[in-house]
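Structure at a glance
Listed here are the chains, written in short residue letters.
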Amino acid sequence: RSGKVSRAILGIDYQGGLNTDCYSGYDRHKTKIKQKCLSHLKRTAEDWQKLLPADAKDSQAFFDAVRQWVKRGCTWHRKWKNRVGGEKVREANWLRQELERLQQMPTDSERAARLQKRIRRYRNEWLTFMDHPGVSPTNNLAEQALRAVVILRKQTFGSRTKRGAKRLATMMTVIETAKRQGRNVLNFLAALFTMSSNQARRAMYARP
C-alpha cells in the first residue's frame, strides 16, 4: 500500500470527495473534500476501550464520549442531511463543540492519547458531511463494494499475475458501477461488448 497508488488511480489533481480511514497515504491528495470514516473511529474506540485497566477512568470517559459523538454524527446525517430546522442547527452545533471537547479531554492511557492525537490531526475532516450533503460520515459503501472481491481472493488465493489482478479490478469496477446505477449487469456488459465505443458510452451514462 502506498499513497502513490491512490494518486495514480484518482489522479494528482482529483477534486472530488475522498472518504477514507486514517491511513496517511491519502493525506497528499489535494482535494479539500475529505471525510474521515466515523465507523473506523468508533470501532477503534470500542476495541481499545476493552484493553484499558479498570482504574483508567479518564480514558474510559474519553472512549465513551467518542462512541457517543460518532453515533450522534451518523444519526444527524441520516435524519437531517436534506432537511432544515432548529433541531438540525442545534445538533450540528453540539457536534462541532463536542469535537473540540474531545481534543481537550484528559486521558490516562497510551491508547486513548493516541486516538486523541488522531482526532486532532484530522480535526477538519471528521464533519465534512455536514457541509457536503453528498458525503457520507463513513466509508461503509466502499467497504461493502470490496467485500465480494476480498472473499474471492481468499477462496482463490489471489491473482497469479499483475495483468490478472488488473483485469479482475477492471471487471469488478464495471460490474459494481452497473449495480450502483440500478442497471441489469448482463445487459450492461452486453452493451459494452457489442456496441461501438460512443454507443456504449451513451448506454453507460443514460438514465435507466
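Note: the structure precedes this text.
Attention in this report is confined to the structure presented alongside it.

The next thing to look at is the overall build of the protein chain. In terms of regular secondary structure, the protein chain is built from nine helices and two strands. Starting at the N terminus and walking to the C terminus, you meet the elements of the protein chain as α-β-β-α-α-α-α-α-α-α-α. Dimensions of the protein chain, computed from C-alpha atoms along their principal axes, come out at roughly 65 × 45 × 30 Å. Taken across its 208 residues, the protein chain has 33% of its residues classed as buried. Looking at the protein chain alone, contacts between residues at least 24 apart form 54% of all its contacts between residues at least 6 apart. Taken as a whole, the protein chain presents about 13800 Å² of accessible surface, with 53% of it coming from carbon and sulfur. Taking the average location of the 44 positive side-chain charges in the protein chain and that of its 18 negative ones, the two points are 11 Å from each other.

Here the largest pocket defines a volume of roughly 2000 Å³. Considering the residues around the largest pocket, the lining is formed by 41 residues, among which Ile9, Tyr26, Ala142, Leu146 and Thr173 are closest to the centre. For the lining of the largest pocket, the secondary-structure elements that each account for two or more residues are α1 (3-10), β1 (18-20), α6 (140-156) and α7 (162-180). For the lining of the largest pocket, the leading source of residues is α6, giving ten residues. Of the residues belonging to the lining of the largest pocket, the class tally is 19 nonpolar, 16 polar and six charged. Estimated volume of the second largest pocket: approximately 180 Å³. Considering the residues around the second largest pocket, the lining is formed by Lys32, Ile33, Arg96, Leu99, Glu100, Arg123, Asn124, Trp126, Leu127, Thr128, Asp131 and His132. A class-by-class count of the residues in the lining of the second largest pocket yields four nonpolar, three polar and five charged.

Formed by 29 residues in total, the largest nonpolar core has its most connected members in Leu41, Phe62, Phe63, Val66, Trp69, Trp126 and Leu127. Looking at this core element by element, the count peaks at nine residues for helix α3 (residues 57-80). Excluding residues that lie within four positions of it along the chain, Leu41 makes contacts with Val66, Trp69, Val70, Leu115, Ile119 and Trp126.

Taking 1.5 Å of rise per residue, the 19 residues of helix α4 (residues 86-104) would be expected to cover 27 Å, and the 28 Å separating its terminal C-alpha atoms lies within 8% of that figure. The complete set of buried residues in α4 reads Lys88, Glu91, Ala92, Leu95, Glu98, Leu99, Leu102 and Gln103. In a view along the axis of α4, the buried residues occupy a sector of 135°, so they form one face of it. Turned more than 90 degrees away from the buried face of α4, the exposed residues are Arg90, Gln97 and Gln104. Those residues of α4 that are buried lie in contact with α3 and α5 (110-121).

Take a nonpolar patch on the surface next. A cluster of nonpolar residues, Val5, Ile9 and Leu10, forms a patch on the protein surface that exposes about 280 Å² of accessible area. Tracing the backbone shows Leu10 in helix α1. Owing to a relative accessible area of 35%, Leu10 belongs among the partly exposed residues under this scheme.

Our next topic: the pattern of salt bridges. Within the structure shown, the criterion is met by eleven salt bridges. Between Asp13 and Lys30 there is a salt bridge, and its shortest N-O distance comes to 3.8 Å. Taken as a pair, Asp13 in the loop between α1 and β1 and Lys30 in the loop between β1 and β2 (34-36) lie far apart in primary sequence, 17 residues in all. Taking relative accessible area as the criterion, Asp13 reaches 52% and is therefore assigned exposed. Lys36 is paired through a salt bridge with Glu125; the nearest N and O atoms lie 2.8 Å apart. One end of the pair, Lys36, is in strand β2; the other, Glu125, is in the loop between α5 and α6, with 89 residues separating them in the sequence. For Lys36, a relative accessible area of 1% gives the class buried. For Glu125, a relative accessible area of 16% puts it in the buried group.

Basis of the calculations
As a convention, each chain's residues are numbered from 1 in the sequence order in which they are written. Confidence filtering applies because this is a predicted model: local features only for residues at pLDDT of at least 70, side-chain atom pairs given and counted only at 80 or more, and all residues used for totals across whole chains, interfaces and linings. Side-chain metrics in this entry use all non-hydrogen atoms of the structure; hydrogen atoms and water are not considered. Secondary structure follows DSSP: runs of H or I at least 4 residues long count as helices, runs of E at least 2 residues long count as strands, and numbering of each begins at the N terminus. Any residue under 20% of the maximum accessible area for its type is buried, any over 50% is exposed, and the rest in between are partly exposed; the area is computed with a 1.4 Å probe on protein chains only. We call two residues in contact when some of their heavy atoms are within 4.5 Å. For every accessible area listed, the method is Shrake-Rupley and the probe measures 1.4 Å; residues are considered covered only by the protein chains on display. His residues and chain termini do not enter the charge count, which takes Lys and Arg as positive and Asp and Glu as negative. By convention, the point assigned to a charge is CZ for Arg, NZ for Lys, CD for Glu and CG for Asp. Cavity means a closed set of points on a 1 Å grid over the protein atoms alone, one where a 1.4 Å probe fits but cannot get out, pocket means an open set with protein on both sides within 12 Å along at least 5 of 7 lines, and lining means a residue has an atom within 4 Å of a point. Grid points are joined across faces, edges and corners, and a volume is the space filled by probe spheres set on the points. Side-chain classes follow a simple rule in which Ala, Val, Leu, Ile, Met, Phe, Trp, Tyr, Cys and Pro form the nonpolar group, Asp, Glu, Lys and Arg form the charged group, and the remainder, Gly included, forms the polar group. Among buried residues, those of type Ala, Val, Leu, Ile, Met, Phe, Trp, Tyr and Cys that are joined through side-chain atoms within 4.5 Å constitute a nonpolar core. In a helix, the anticipated span is given by 1.5 Å times the number of residues less one. In this description, the arc belongs to the directions extending from the helix axis to the C-beta atoms. Residues forming no salt bridge and having over 30% relative accessible area are the ones grouped into patches, like charges within 9 Å of each other and nonpolar side chains (Val, Leu, Ile, Met, Phe, Trp, Tyr) within 5 Å. We define a salt bridge as a side-chain nitrogen of Lys or Arg found within 4 Å of a carboxyl oxygen belonging to Asp or Glu.

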